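Spelled out, the chains give:
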Amino acid sequence: MLEISHVSMAYANGSVKAVDDLSLSLKAGEIFGFLGANGAGKTTTIKMLTGILPVKSGSISVCDHDIVKDPINAKRSFGYVPDSPIIFDKYTGREYIDFLGDIYGVKPSERAEIASKLLKKFALEEAFDKRISGYSHGMKQKIAIIGALIHDPSLWVLDEPMMGLDPPSAYALKELMKEHRDAGKTVFFSTHVLDVAEKICDRVAIINKGKLVLCGNIDEIRAAKGDESLEEIFMSVAAYE
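Keep in mind that what you see is a predicted model, and the values were worked out from it rather than measured.

Definitions and cut-offs
Residues numbered from 1 in each chain as written. Predicted model: local features only at pLDDT ≥ 70, side-chain atom pairs only at ≥ 80, totals over all residues. Heavy atoms only, no water. Helix = DSSP H or I, 4+ residues; strand = E, 2+ residues; numbered from the N terminus. Rg over C-alpha atoms; globule rule 2.2 N^0.38 Å. Buried < 20%, exposed > 50% of the residue type's maximum accessible area, 1.4 Å probe, protein only. Contact = heavy atoms within 4.5 Å. Lys, Arg positive; Asp, Glu negative; His and termini not counted. Charge placed at Lys NZ, Arg CZ, Asp CG, Glu CD. Pairing = 2+ DSSP bridges. Axes fitted to C-alpha atoms, helices over the stretch in contact; angles between N-to-C directions. Phe/Tyr/Trp six-rings, centres within 6.5 Å; stacked < 30°, edge-to-face > 60°. Expected span 1.5 Å × (residues − 1). 1 Å grid on protein atoms, 1.4 Å probe; cavity = no way out; pocket = protein on both sides within 12 Å on 5 of 7 lines; lining within 4 Å. Points joined across faces, edges and corners; volume = space filled by probe spheres on them. Nonpolar A, V, L, I, M, F, W, Y, C, P; charged D, E, K, R; others polar.

S.K.: How should the overall build of the protein be read in this particular structure?
M.R.: Secondary structure assignment for the protein yields 9 helices and 10 strands. Relative to a compact globule of 241 residues, whose C-alpha radius of gyration would be 18 Å, the protein shows 18 Å and is just as compact. When the backbone C-alpha atoms are referred to their principal axes, the protein occupies close to 50 × 40 × 35 Å. Counting all 241 residues of the protein, 48% fall into the buried class. Nonlocal contacts in the protein, meaning residues at least 24 apart in sequence, comprise 66% of its contacts between residues at least 6 apart. Within the protein, the 34 negative side-chain charges are centred at a point lying 4 Å from the centre of the 29 positive side-chain charges.

S.K.: Honestly, the sheet that holds strand S3 (residues 30-35) in this entry has me stumped. Any pointers?
M.R.: The strands making up a sheet associate through backbone hydrogen bonding, with each pair oriented either parallel or antiparallel. The strand order across the open sheet built from 6 strands is S6-S7-S8-S3-S9-S10, with neighbouring strands paired in mixed fashion. What marks the edges here is a single partner per strand, and that holds for strand S6 (78-81) and strand S10 (211-217). In this sheet, adjacent strand axes meet at a mean angle of 15° when their direction is disregarded. Summarising the sheet, strand S7 (residues 155-159) and strand S8 (residues 186-190) pair through 5 bridges and their orientation is parallel. For Leu-158, the partnering residue across the bridge sits in S8 and is Phe-189.

S.K.: Explain the packing of aromatic side chains to me, please; I cannot follow it from the model alone.
M.R.: Taken as a whole and judged by the stated rule, the model has 5 aromatic pairs. Aromatic side chains Phe-32 and Phe-188 sit 5.9 Å apart centroid to centroid with 35° between the ring planes, which places their arrangement in the tilted category. Of the two residues, Phe-32 is situated in strand S3 and Phe-188 in strand S8; the sequence distance between them amounts to 156 residues. For the pair formed by Phe-32 and Phe-188, the shared burial category is buried.

S.K.: For this particular structure, what's the right way to read helix H6 (residues 167-182)?
M.R.: Every α-helical turn comprises 3.6 residues, leaving residues that sit three or four positions apart pointing alike. Along its 16 residues, H6 runs 23 Å from first to last C-alpha, staying within 8% of the 22 Å computed at 1.5 Å per residue. Burial in H6 covers these residues: Ser-169, Ala-170, Ala-172, Leu-173, Leu-176, Met-177, His-180 and Arg-181. In this structure, the buried residues of H6 make contact with S3, helix H4 (108-121), helix H5 (137-149), S7, S8 and helix H7 (194-200). One or two positions beyond H6, positive phi appears at Gly-184, with a value near 85°.

S.K.: Looking at this structure, how should I read the side chain of Ser-169?
M.R.: Mapped onto the elements, Ser-169 comes out in helix H6. Every residue in contact with Ser-169, bar those within four places of it in the chain, is listed here: Phe-122 and Lys-142.

S.K.: Can you help me understand the layout of surface pockets in this one?
M.R.: Gaps between atoms show up when a probe of the same size as a water molecule is rolled over them. Of the volumes computed, that of the largest pocket is approximately 740 Å³. What lines the largest pocket is a set of 26 residues, and nearest its centre among them are Tyr-80, Ile-86, Tyr-96, Leu-100 and Tyr-104. Residue assignment for the lining of the largest pocket shows that the elements contributing at least two residues are helix H1 (42-49), helix H2 (71-76), S6, helix H3 (93-104) and H5. Its residues placed into classes, the lining of the largest pocket shows 16 nonpolar, 6 polar and 4 charged. Of the pockets and cavities examined, the second largest pocket occupies roughly 250 Å³. Residue lining of the second largest pocket: Ile-114, Lys-117, Leu-118, Leu-149, Asp-152, Leu-176, Glu-179, His-180, Ala-183 and Lys-185, and that is the complete set. If you list the elements that add at least two residues to the lining of the second largest pocket, you get H4 and H6. Here the lining of the second largest pocket is built from residues that sort into 5 nonpolar, 1 polar and 4 charged.

Spelled out as structure tokens, the structure:
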């Protein structure tokens, strides 16, 4: 589903490695948590796998499509929600979703069905025909989530998706992530909310200063660490220095 192989990214003329020889393999039918302190390299990794940043060292493949060699098909395979939603705010919510539906070739009847279900989940029906410029941060986050799912992608990529969401919307998002996994698809998301990751993730990876320091099944990791909480495990391997 997603293969990240020996990927590195450096800044400041190569003197600072944001990502350092990172390799991850995600399979179909799992929720995979990507954890790390601020500056650990999570967002840089996500920007490379989505094609926002170039992959200069190593390789990234989404559904067997190399993000560098076959970017169009790779990008058709995933839906992406960034940590700060950047949306065409002169559009209404409906116009924005139709725009994305056109890009991904989703039939109007299909997009209407998907949008209707998601709008109801996020209580966004009344705002759908209003301009996004008048949306709150949380509303923009919700329309970005809907947009990322409008083409029913095999891989769903989320960067700090809980930011700006109220409790009912955060619950709805977690339920959608589980539904996506249960449909045989994959969720890859970074988060600082460790209790959420502990409850819903099948596997997690923790990176520190761009390096992978821990990766595995939640229950296996906890057993190996003496049944510590994920928060305690995180602090032991990726604490601030």
